[in-house]
Amino acid sequence: MSRSPHAPSVVIVGAGPRGAGVLERMVASAPELLSDALAGPGVDVHLVDPFPAGAGRIWRHAQSPLLAMNSMAADVTMWTDSSVVCDGPVAPGPSFWDWAQDLREHGDPRAELGPELADELAQVTASTFPSRRLQSHYLAAVLREVVGRAPGGMRVHVHRTTAEALDETDGRQVVTLADGTVLRGDAVVLASGHLDATPTDDEIALAARAAEFGLRYLPPEQTSDSDLSVIAPGETVLARGLGLAFVDLVVLLFEGRGGRFVPDPDDADPDRLRYEPCGREPVLIGGSPRGATYHSKTHYQLRAGRPPLPRFLGPDVTDDLIASGGPVDVATRVWPLMAKEIGWGWYHELFVGHPDRVRAGWDEFAGRFSAVAHGSPEEAALIAELVPDPLDRLDLTALDRPLDGVHAPDLEALQPLVRERIAEDLRQHVDERHTPHLGAFVAMLSVYTETTRLAGSGVLSPRSRARDMPWWQSFFNSVASGPPGFRVRQMLALSRAGYLRFLGAGMSVDIDADGFHATSTTLAGAAPVTTRVLVDARLPDPSVSRTVDGLLGGLLARGEAVEEVLYDDDGAPLRNTGLLSVRPADGALHTADGGVHERRFAVGPHTTVKVAGAFTRPGMNAQSLRYNDAVARAVLGALPGAASRAAPAA
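Per chain, residues are indexed from 1 in the order of the written sequence. In view of the model being predicted, local features appear only for residues whose pLDDT reaches at least 70, and side-chain atom pairs are presented and counted only at 80 or more, with totals across whole chains, interfaces and linings using the full set of residues. With hydrogens and water excluded, all non-hydrogen atoms of the structure serve as input to the side-chain values.

Draft legend 1. Structural detail: unusual backbone geometry. A cis geometry characterises the amide bond from Leu309 onward to Pro310, with omega recorded as -5°. Only DSSP runs of H or I with at least four residues qualify as helices, and only runs of E with at least two residues qualify as strands; both kinds are numbered from the N terminus onward. If you trace the backbone, Pro310 turns up in the loop between strand 12 (283-287) and helix 9 (315-323). In this structure, Pro327 follows Gly326 across a cis peptide bond, with omega equal to 0°. Along the polypeptide, Pro327 turns up in the loop between helix 9 and helix 10 (330-353). The phi angle at Asp170 is positive, at roughly 55°, despite the residue not being glycine. Here Asp170 is to be found in the loop between strand 4 (163-169) and strand 5 (172-177). With relative accessibility at 78%, the residue Asp170 sits in the exposed group. Even without glycine at this site, Asn621 takes up a positive phi of about 45°. Structurally, Asn621 is set in the loop between strand 21 (596-602) and helix 19 (623-637). Think of it in three bands: with a 1.4 Å probe and only protein chains considered, a residue is buried below 20% of the maximum accessible area for its type, exposed above 50%, and partly exposed in between.

Here it is in structure tokens:
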């Protein structure tokens, strides 16, 4: 095996959780794949990020202390464990909860975190939803441990700046940094996360009309970076979107301006809150296609243990669908399997974890459930026979469209109806009687892994790629990425106090000189709500062609990167996803000539490989950890002198 004339090197652009996760997997596999280099000239790894390494932009310390994670302390890890099936070595490490306990018992929290976060740490339990600032310290600690575990001969360098350009000279990757440094690597990983982008044509037109009429429009962006001072106290504001960006908007506009949430002494529920205003509040009216906030995070653990997954949509089934060559229609061929899998997770938790609420044992139910088709009369009859309480039956339609059947003559009449739906959803996600919700969530993670493979395989029908997969991503987000229960209680308190109002499902917005006019299908026939401020409460849609990232923009302009465009059977464009096209197996960049660049890789939400989160629950054989491993081993395999590996399919 020949030795390289230089020390092999890798440049990772983006040092947040995704970049750090790939580095951890490189550290784990380097002794196997780069033994000669480690014993000789060594290996250099450069982390490049203008934000703090480990935390990155989203989880940086420099943000409001009020902004919290939407995961419990015990449900966050960056490390592989015995559940993770991957080619690289499993290398266990501390979850957030392990780290918190160890720091409290053996460290000096005030010295490491400062007094404010030390006080928070003292109150953290396994079921606490910690602040993002505290999470930033966990992620920094993870990176320190990763670097500390690097094998002899591996050197990690951190550059607190921006990568501005990526070129190639004599087969080496040349990364130019904003501080003038030029890095020469043998492989590059683009882990820059959510891309900032110039506005879409529609957003530009809307902003122009708003300016013409003297209105204010805040386009999509990271809410924590928004200038909310343009929203005046007492002003009525329209928000489009009810996901996590909306939750951040609520936090910053109300508690962030000095309002307080206190226990409501007039209610028998000890967890019910009352909002005490500060006098600087606006009135916020929020709407979206679904019309309700994302489903609350679950606040319990599985009683029955992890469901035996996969059952209906596993790797073998996905392999057969891919081998068929397509076109595969998701709605007719894949969704029935997806729905059965989600039901399998739900009912396993119900029958094994709550045997007093069903009329048969799990083995009997599992056999009969497996034998009937999704959505069939036989399946409905089976569930009605063995699950007496309708609340214990999985209703995917209700999960997807929580306001179905809700109608009101005007905005005021609608509010108690929406609050009732949101409050009931919260109750089911915090009451241990309803742990099947968590069983379904775990099954959705398993499904997500296989749909990611299908989406990257090229066998899905054009309609499925353009419509079914975006719907599935939206549905998954609404179930899996909701706010903690305490946030839902705060929003309910704001709604009762009249500061937060819900517009309903099927939101639509028009604009004229009098303002933004919004209505919904829930309020069909009612007079529109009119405001002079509109906030698009969401992240910008991904777009490599509109990105403000000069490095990615340069690659696209030269044909060295490709933005995914979906076409119908006749070759007409259906949809531009805006995502960076990568090889599904390992994130290698596709090029405009139809090839793959074997030394350039990308991982994260800006790519065509969708992975459910940068970190994960322990013990879940998480897709994110397995994919980090695949990318890391491909990166190491691309270095001079690396042990040989089989090239994956493009």
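Structure's up, so let's keep going.
Draft legend 2. Highlighting the side chain of Glu563. Residue position: Glu563 is located in strand 18 (residues 563-567). For Glu563, the side chain forms a polar contact with the main-chain nitrogen of Ser545, separated by 2.9 Å. Residues contacting Glu563, with those up to four places away along its chain left out, are Ser543, Val544, Ser545, Leu556, Asn576, Gly578 and Leu579. Any N or O atom pair separated by 3.5 Å or less is treated as a polar contact, with the protein-specific requirement of one donor-capable and one acceptor-capable atom, and with residues adjacent in sequence counted only for side-chain atom pairs. Contacts are assigned to residue pairs that have any heavy atoms within 4.5 Å of one another.

Draft legend 3. The arrangement of the sheet that holds strand 20 (residues 588-590) in detail. As summarised here, the arrangement of the 6 strands in space is 3-2-1-7-21-20, forming an open sheet in which the pairing is mixed. The open sheet is flanked by strand 3 (154-159) and strand 20, the only strands paired with a single partner. Taking the axes of each pair of neighbouring strands and ignoring which way they run, one obtains an average angle of 30° across the sheet. Strand pairing requires that DSSP identify at least two bridges connecting the strands. Of the strand pairs in this sheet, strand 7 (residues 187-190) and strand 21 are connected by 3 bridges, and their pairing is parallel. Along strand 21, the bridge assignment pairs Val189 with Phe601. In this description, a line fitted to the C-alpha atoms serves as the axis of each element, helices being fitted only across the stretch in contact, and the angle between N-to-C directions of two axes falls anywhere from 0 to 180 degrees.

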